[in-house]
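Structural overview for review
Residue-level listing of the chains:
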Amino acid sequence: VNWFSAWADYLPTMLDGLKVSLLLAFISITLGYPLGLGLGLLVTSKNWAVKAMSLAVVEVGRGAPALVVLYLFYYGLPNVGVTMGALMAASFALVWNAAAYSSEVMRAGFQSVHRGQIEAANALGLTARHTFVRIVMPQGLRSATPGLMGLAIQMFQATSLAYAIAVSEVMKAANNLGSRDFNYLKVFVLAGLVYAVVSLPATWITVYFEKRMKRAYA
Amino acid sequence: MDVFSAVLQGLPMTLWLTAASFGIGALGAIPLALGLNSQNRLIWLVCRLSVDLVRGIPVIVWLFLLKFGMQFDAFRLSPTQAAILGLGIVSIAYLAEIYRGGLQSVPRGQVEAAEALGLKSRNVFFGVRAPLAFRIVSPSIATYLMSLLKDSSIASTIIVAELVYQSQTYARQHPDVQGILPYIIVGALYILLSLPVAYYSRRLDARMRKEIFA
């Protein structure tokens with residue numbers, strides 16, 4: 001069978017898979033980033049118990065492979081009586097992953113805010129909360145934006161791991177088509193292209209944005 | 001067999017996958033990094049597009065493509081070969097990007113000083129620019145090595161008997177409360193394995209900053 005007619009045949013199924021991949025990426029980013037912001041703040045807490053707990057959540061989320069966390073939720077937890085569907089388990093694991101990584105990106109952003117800004121806010125008599133919400137956070141998040149955009153692309157790619165627990169995303173669709181007519185090469189090249197069609201433009205936008213920001217603040 | 005020994009059976013394979021693909025990446029990235037720094041727009045464009053393309057495709061797709069897609073007549077890759085090759089290809093692209101960043105961030109004055117001393121352009125590159133660049137990016141390389149270690153777990157999906165595969169096997173044989181243990185142990189093991197690299201890279205980073213930028 002020639003490549004393009006095979007691809008035309010596969011494409012609808014693959015696009016159904018892409019919808020699930022994009023949904024998973026959307027969930028992990030929209031829930032993970034706000035959680036990451038919260039974790040980033042808790043890590044700087046003066047209460048040692050809060051600090052230790054949030055640090056543990058961040059370090060496990062970054063240190064353990066996402067695949068292991070995925071298996072823990074899907075195959076591990078049922079052994080202690082907690083059962084959930086594959087999409088739910090994948091969401092939990094990827095949200096945790098996104099939260100852990102984004103908390104570090106945002107923390108670095110907050111630290112990059114010039115000390116003089118904070119001193120100026122203190123001199124003006126702003127409260128600590130006000131200083132953070134109105135001065136540090138807006139500037140810190142702005143400098144964290146390219147990093148968060150890059151992380152979003154990584155999260156989109158990480159949704160492919162959900163294949164391992166049979167979520168019907170792009171890889172699952174590809175594997176189903178592959179085992180149907182054994183054209184594994186054509187199927188997986190197409191799967192790669194489906195991911196690339198999303199990641200590449202997103203990468204270029206991120207690079208463009210990063211350059212423009214550098215120029216604006218240089 | 002107890003759960004610890006069962007999981008640890010996979011450790012040599014995980015370390016081998018990581019080391020072998022890192023070796024491929026560290027060497028293979030050199031020509032690509034030079035291409036990314038090339039003045040020739042055509043060479044630059046080809047290298048740029050290949051790096052972006054490789055990085056735009058998830059590791060698991062590379063592994064399946066190599067394991068199941070590359071079967072011609074009698075030729076096929078073993079799971080381990082496919083995993084090393086796939087992780088190696090991905091490493092080449094990521095490390096090339098890291099090397100490129102390093103080459104571009106060598107302070108101009110160092111290169112100009114070398115030129116003013118009359119060094120040949122080849123010596124300026126290999127004697128001054130490349131070693132300095134390597135030091136600047138060595139913390140990033142260490143960070144990448146850690147993420148490669150974690151990515152090697154994806155090889156379990158094409159049945160390579162590394163840490164995660166061994167954990168899965170143990171968990172399947174123990175469908176009771178014990179079944180959750182291997183996942184916790186293996187997760188902790190990855191964190192433990194990345195600690196020395198993290199420590200080393202932080203020390204290296206502090207020393208490098210003093211030596212090059214101070």
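Provided above is the structure to which this section pertains.
Here's the deal with the overall build of chain B
When helices and strands are tallied, chain B shows nine helices and two strands. The secondary structure elements of chain B, listed N-terminal to C-terminal, are α-α-α-α-β-β-α-α-α-α-α. Seen through its C-alpha atoms, chain B measures out along the principal axes to roughly 70 × 45 × 20 Å. Relative to its full complement of 214 residues, chain B shows a buried share of 49%. For chain B, the share of sequence-separated contacts (at least 6 apart) that also reach a separation of at least 24 residues comes to 76%. Total accessible area on chain B stands at roughly 10,700 Å², and carbon and sulfur atoms take up 66% of it.

A look at the packing of aromatic side chains
Taken as a whole and judged by the stated rule, the model has 17 aromatic pairs over all chains. Aromatic pair Phe73(A) and Trp96(A): ring centres 6.3 Å apart, planes at 80°, arrangement edge-to-face. Taken as a pair, Phe73(A) in helix 3 (residues 66-76) and Trp96(A) in helix 4 (residues 86-111) lie far apart in primary sequence, 23 residues in all. Of the residues examined, Phe73(A) reaches a relative accessible area of 13% and is grouped as buried. Given a relative accessible area of 23%, Trp96(A) falls into the partly exposed group. Ring-pair connections join several aromatic residues into one group, and the members of that group are Tyr163(A), Phe182(A), Tyr184(A), Phe188(A), Phe64(B) and Phe68(B). The ring centre of Trp3(A) lies 5.5 Å from the NZ or CZ of Lys186(A), which sits over that ring. Its guanidinium or amino end placed over the ring of Trp44(B), Arg41(B) lies 4.5 Å from that ring's centre, counting from NZ or CZ.

Quick word on the environment of Gly69(B)
Take Gly69(B): it is sitting in helix 4 (residues 59-69). Classification of Gly69(B) by relative accessible area gives buried; the value is 4%. Look past the residues within four positions of Gly69(B) in its chain and what remains in contact with it is Tyr184(A), Leu185(A) and Phe64(B).

Considerations on the pattern of salt bridges
All names here are of chain B. Scanning all chains against the criterion turns up nine salt bridges over all chains. Here Asp52 ties to Arg48 by a salt bridge, and the two come within 3.0 Å at their closest N and O atoms. Note that Asp52 and Arg48 are positioned in helix 3 (residues 41-56) at a spacing of four residues, about one turn of the helix. You can call Asp52 buried: its relative accessible area is 6%. By relative accessible area, which is 15% here, Arg48 ends up buried. As a salt-bridge pair, Arg48 and Glu97 come within 2.7 Å of each other at their nearest N and O atoms. Here Glu97 lies in helix 5 (residues 79-105) and Arg48 lies in helix 3, a separation of 49 residues in the sequence. Looking at Glu97, the relative accessible area reads 14%, which means it is buried.

Remarks on the interface of chain B and chain A
Each partner contributes residues to the interface: chain B has 34 residues there, and chain A has 35 residues. For the pair chain B and chain A, the two sides together bury roughly 2,800 Å², of which 75% comes from carbon and sulfur. Counting across the interface, chain B meets chain A through zero salt bridges. In this assembly, chain B and chain A are joined by seven residue pairs in polar contact (both at pLDDT 80 or more). Put simply, the parts of the chain that give the side of chain B that touches chain A at least two residues each are helix 3, helix 4, helix 8 (163-173) and helix 9 (181-213) of chain B. Broken down by class, the residue content of the side of chain B that touches chain A amounts to 22 nonpolar, eight polar and four charged.

Things to note about the environment of Leu141(A)
All names here are of chain A. Locating Leu141 in the fold gives a position in helix 6 (residues 128-158). Given a relative accessible area of 28%, Leu141 falls into the partly exposed group. On a C-alpha basis, the gap between Leu141 and Leu67 in space is 29 Å, while along the polypeptide they are 74 residues apart. Not counting residues up to four positions away in its chain, the partners in contact with Leu141 are Met106 and Phe110.

Some points on the nonpolar core
One finds Tyr10(A), Met14(A), Ile165(A), Val167(A), Met171(A) and Phe188(A) to be the most contacted residues of the largest nonpolar core, which totals 121 residues. With twelve residues, the top contributor of residues to this core is helix 5 of chain B. If near-sequence neighbours (up to four positions away) are discounted, Val167(A) is found in contact with Val20(A), Leu24(A), Ala86(A), Leu87(A), Ala90(A), Ala162(A) and Lys172(A).

What counts as what
Residues numbered from 1 in each chain as written. Chains lettered and ligands numbered in written order. Predicted model: local features only at pLDDT ≥ 70, side-chain atom pairs only at ≥ 80, totals over all residues. Heavy atoms only, no water. Helix = DSSP H or I, 4+ residues; strand = E, 2+ residues; numbered from the N terminus. Buried < 20%, exposed > 50% of the residue type's maximum accessible area, 1.4 Å probe, protein only. Contact = heavy atoms within 4.5 Å. Areas by Shrake-Rupley, 256 points an atom, 1.4 Å probe, with all protein chains shown as cover. Phe/Tyr/Trp six-rings, centres within 6.5 Å; stacked < 30°, edge-to-face > 60°. Lys NZ or Arg CZ within 6 Å of the ring centre and 35° of its normal. Salt bridge = Lys/Arg side-chain N within 4 Å of Asp/Glu carboxyl O. Buried area = accessible area lost by both parts, 1.4 Å probe. Polar contact = N/O pair within 3.5 Å; in protein donor to acceptor, adjacent residues only side chain to side chain. Nonpolar A, V, L, I, M, F, W, Y, C, P; charged D, E, K, R; others polar. Core = buried A, V, L, I, M, F, W, Y, C linked by side-chain atoms within 4.5 Å.

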